[in-house]
Amino acid sequence: MATLLYDADADIELIRHKRIAIIGYGSQGHAHALNLRDSGCEVLIGLPEISRSRLKAEKDGWSPLLPHEAAARADCIMLLVPDQYQGQVYTESIKDTLSAGKILLVAHGFSLQYGQIVPPADVDVAMVAPNGPGVQLRQMYQAGSGIPALWTVYQDITGQARALTISYARALGCTRAGIIQTTLAEETETDLFAEQVVLCGGLTSLIRSAFETLVEAGYQPEVAYTCCLQEVKLIADLLYKGGIHFMHNSISDTAEFGDYVTGPRIIGEQSREQMRNVLHEIQTGTFARNWILENQAGRPTLQAMRRKDAAHQIETVGKQMRDLLP
Ligand code: NDP
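All values derive from a computational prediction rather than experimental measurement. (Residues numbered from 1 in each chain as written. Predicted model: local features only at pLDDT ≥ 70, side-chain atom pairs only at ≥ 80, totals over all residues.)

Draft legend 1. Layout of the UniProt feature "active site" (unreviewed entry) in the protein. Here the UniProt feature "active site" (unreviewed entry) sits at His-108. You can see His-108 is positioned in the loop between strand E5 (103-106) and helix H6 (110-113). Of the residues examined, His-108 has 22 C-beta atoms within 10 Å and is grouped as buried. In this structure, His-108 is in contact with Asp-83, Ala-129, Thr-188 and Asp-191, ignoring residues within four places of it in sequence. (UniProt positions renumbered as here; feature names shortened; annotations may be inferred. Helix = DSSP H or I, 4+ residues; strand = E, 2+ residues; numbered from the N terminus. Buried ≥ 20, exposed ≤ 12 C-beta atoms within 10 Å, placed from the backbone. Contact = placed C-beta atoms within 7 Å.)

Draft legend 2. Molecular detail of the site of the ligand. Taken together, the neighbourhood of the ligand is formed by 26 residues, with Gly-24, Gly-26, Ser-51, Ser-53 and His-108 sitting nearest. Listing elements by their share of the shell around the ligand, those giving two or more residues are helix H2 (27-38), helix H5 (83-94) and strand E6 (124-130). Classifying every residue of the shell around the ligand gives 14 nonpolar, 10 polar and 2 charged. (Near = placed C-beta within 6 Å. Nonpolar A, V, L, I, M, F, W, Y, C, P; charged D, E, K, R; others polar.)

Draft legend 3. A look at the domain arrangement of the protein. You can read the domains of the protein as domain 1 (4-182) and domain 2 (191-324). Each side of the interface is counted separately: domain 1 has 4 residues, and domain 2 has 6 residues. Tallied by class, residues from the side of domain 1 that touches domain 2 come to 2 nonpolar, 2 polar and no charged. (Domains from an automatic or database assignment.)

Draft legend 4. The UniProt feature "binding site: substrate" (unreviewed entry) in the protein, seen in detail. According to UniProt, the "binding site: substrate" (unreviewed entry) feature falls on Ser-252. Locating Ser-252 in the fold gives a position in the loop between helix H13 (232-250) and helix H14 (253-266).

Draft legend 5. Fine view of the nonpolar core. Among the nonpolar cores identified, the biggest contains 61 residues, and Ile-23, Ile-77, Leu-79, Leu-105, Met-127, Val-128 and Ala-169 are the most heavily contacted of them. Here this core takes 7 residues from helix H8 (residues 161-172), the largest share from any one element. Those residues in contact with Val-128 that sit more than four places away from it in its chain are Leu-105, Ala-107, Ala-149, Trp-151, Thr-165, Tyr-168, Ala-169 and Leu-172. Of all hydrophobic cores here, the second largest spans 6 residues; its members include Phe-211, Tyr-225, Ile-314 and Val-317. (Core = buried A, V, L, I, M, F, W, Y, C linked by C-beta atoms within 7 Å.)

Draft legend 6. How the structure looks around the sheet that holds strand E1 (residues 4-5). Spatial strand order, E1-E8-E7-E6-E5-E4-E2-E3: 8 strands in an open sheet with mixed pairing. Looking at the sheet topology across the chains shown, the edges are occupied by E1 and strand E3 (42-46). Sheet topology places strand E2 (residues 19-23) next to E3; 5 bridges connect them, and they run parallel. Bridged to Ala-21 within E3 is Leu-44. Its contacts with the sheet put helix H10 (residues 184-199) on E6 and strand E7 (149-155), and the angle it makes with E7 is roughly 135 degrees. (Pairing = 2+ DSSP bridges. Axes fitted to C-alpha atoms, helices over the stretch in contact; angles between N-to-C directions.)

Draft legend 7. Examining H2 more closely. Along its 12 residues, H2 runs 17 Å from first to last C-alpha, staying within 8% of the 16 Å computed at 1.5 Å per residue. Most of H2 sits out of view: 9 of its 12 residues are buried. For H2, the complete set of buried residues consists of Gln-28, Gly-29, His-30, Ala-31, His-32, Ala-33, Leu-34, Asn-35 and Leu-36. Against the buried residues of H2 lie E2, E3, helix H3 (53-59), strand E4 (76-79), helix H7 (134-142) and H8. Count one or two residues on from H2 and you reach Gly-40, which has phi positive near 90 degrees. (Expected span 1.5 Å × (residues − 1).)

Draft legend 8. Looking closely at the packing of H2 against H7. For the pair H2 and H7, the least separation of the axes is 7 Å and the interaxial angle reads 20 degrees. When the interaxial angle is binned, H2 and H7 end up roughly parallel. Crossing handedness for the pair H2 and H7: left-handed. Contact residues: H2 offers Ser-27, Gln-28, His-30, Ala-31, Leu-34 and Asn-35, while H7 offers Gly-134, Val-135, Leu-137, Arg-138 and Tyr-141. When grouped by side-chain class, the residues that make up the contact of H2 with H7 number 5 nonpolar, 5 polar and 1 charged. (Parallel < 35°, antiparallel > 145°, perpendicular 65-115°, else oblique. Left-handed = near helix turned anticlockwise from the far one by under 90°.)

Draft legend 9. Quick look at the packing of helix H11 (residues 201-216) against helix H12 (residues 221-230). Taken N-terminus to C-terminus, the directions of H11 and H12 make an angle of 150 degrees; their axes are 9 Å apart at the nearest point. The angle between the axes of H11 and H12 places the two elements in the roughly antiparallel class. Our pair here, H11 against H12, has a crossing hand that is right-handed. On H12, the residues touching Ile-207, Ala-210, Phe-211, Leu-214 and Val-215 of H11 are Pro-221, Ala-224, Tyr-225, Cys-228 and Leu-229. Residues that form the contact of H11 with H12 fall into these classes: 10 nonpolar, no polar and no charged.

As structure tokens, this is what we get:
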């Protein structure tokens, strides 16, 4: 059974006595910075000279420094730039500012797990990975609650890394909901697997294939869009609230029977075999290597797929339907 920690397990004073550099001010960066500030912490923001996020940070009352300036002045450095750029940002702006006694934090294990960042042996390194986008992290904090997070300590040189990491999670508001200890490998591999197989890749392929099947068979695209995509939210809300059995209890008996007899035909042994292959590619670093090389090549595949994605019929039909049925 996973161990959950809450507010009572965390000493918030530990992080209040550190100066924290938040590098990046995007989805996670803005929420970490604002929650930490509201929790009584001293925060510096690190952004490049030319950055779309600078204006947003300034509007929120910050005076952003350059990443290496913020990192040099901080005891605790949280790296919140996109995973594919973390290796470069670390090498150019963070590495030389690290010295014994400092702690380097990440919110996802990708760059440490796949060797994009190799921290020096004399600094503490840890992860606090909130289970949700920054906007939710911020909103829940402001509402007096929080979202859960996964955490782990990768290197504890000072003997303080565990307590400080938990203290950071408390200042984010995450210990209000509960934080779960993990490992870098577990967080990275399960996160990549879930987004590829279920949350993003699996779900969108399922929706598109079902939509195309109905349209090919002569049904109206608008009707296909509504039943294959729009209604996903209704089912997702039920799953979120109470799990699969609860969802089954909330839908019609016809839908429930169809679920039992048809679901395993759609996701059968062939799909499971592919899931194992995908997991293997994640575990062996094959996916990470492809993604890193893709970025080094200027993202040709991502750009091509984005164009194809945007041109799909489900997008035009979806826009019309959302305008008609707000
Ligand atoms: P975003 O893309 O939302 O934001 C990235 C930020 O980094 C932007 O402010 C961007 O500035 C800035 N940035 C880009 N390049 C540099 C640079 N060279 N130096 C300094 N800053 C730079 O990223 P996320 O917040 O989504 O992701 C940050 C981390 O959080 C990742 O490790 C991610 O895996 C993790 N995470 C994300 C979650 C999410 O739901 N988004 C959930 C949990 C973890 P600019 O505006 O100029 O591009």
